[in-house]
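Take a look at the letters that make up each chain.
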Amino acid sequence: MTKQGQILAIAALVFIFFNHVNGRGIDRSRRSADNLTEAIVLTNAEISSIVSLHNNLREQQSATNMKRLTWDADLATFAQTHLSTCPDGHSTGTAGSFANIGENIGTARTSSTSYDRTFITTVTQAWYDEITFYTYVNQSCQSGQVCGHYTQVVWADTYRIGCAAVFCEDS
């Protein structure tokens, strides 16, 4: 999946939770750091679960060059900094010594002021499940489907992962 000479060493996977209030839709153009309700601190158990899940999913591939992921606190800090603005998309910067970062952003909506922390692993599985639409023979995705999250999860050269989560309110 990599182009010759290209180094994609890490993946910063970030997760955002939104408070969906009174049935209104999310107007991402009006969201800002003022909408940040809580920066969620991942527990050691959650970090271990995230890394284990990614490695377990990656082991299901037939790639002989698949690297095992390890947690990278600098990537997690990078992801947390980016998410603290309640962004409407991916980051544009680099994280420390890593110039190439693959990112997946997952969102969830809730009508309450609480959130389900299992979303972090649930969305990771959903990203992997995009495998259903991916064709390895020509490295393509079925028309009208999304496979980019899946390819980020299983990118063989990726060896570091850092995640973050925030809870943001709608504008």
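Being a predicted model, the structure only gives us computed values, none of them experimental.

The rules behind these values
- Residues numbered from 1 in each chain as written.
- Predicted model: local features only at pLDDT ≥ 70, side-chain atom pairs only at ≥ 80, totals over all residues.
- Heavy atoms only, no water.
- Disulfide = S-S within 2.5 Å.
- Buried < 20%, exposed > 50% of the residue type's maximum accessible area, 1.4 Å probe, protein only.
- Phe/Tyr/Trp six-rings, centres within 6.5 Å; stacked < 30°, edge-to-face > 60°.
- Helix = DSSP H or I, 4+ residues; strand = E, 2+ residues; numbered from the N terminus.

Engineer: Just checking my understanding: could you explain the state of the cysteines for this structure?
Structural biologist: By definition, a disulfide links two cysteine residues through a covalent bond between their sulfur atoms. Counting across every chain of the model gives one disulfide. Each disulfide pairs two cysteine sulfurs, and for Cys141 the partner residue is Cys147, the sulfurs being separated by 2.1 Å. Note on the Cys141 and Cys147 pair: the S-S dihedral is about 70 degrees, so by sign convention the disulfide is right-handed. Residue Cys141 is classed as partly exposed on the basis of its relative accessible area of 29%.

Engineer: Is there a simple way to explain the packing of aromatic side chains in this structure?
Structural biologist: For any pair of aromatic rings, the description rests on two quantities: the centre-to-centre distance and the angle between the ring planes. Inspection of the entire model under this criterion finds four aromatic pairs. Taking 5.6 Å as the distance between ring centres and 65 degrees as the angle between the ring planes, the aromatic pair formed by Tyr128 and Tyr150 counts as edge-to-face. Taken together, the residues Tyr128 in helix H3 (residues 119–128) and Tyr150 in helix H4 (residues 148–153) connect sequence positions 22 residues apart. Across this residue pair, the class does not change: Tyr128 and Tyr150 are buried. For the ring pair Tyr134 and Tyr136, a centre distance of 4.9 Å and an interplane angle of 85 degrees mean the geometry is edge-to-face. Here Tyr134 falls in the buried class, since its relative accessible area comes to 12%. Judged by its relative accessible area of 39%, Tyr136 is partly exposed. Among the aromatic residues, those joined into a cluster by ring pairs are Tyr128, Tyr134, Tyr136 and Tyr150.

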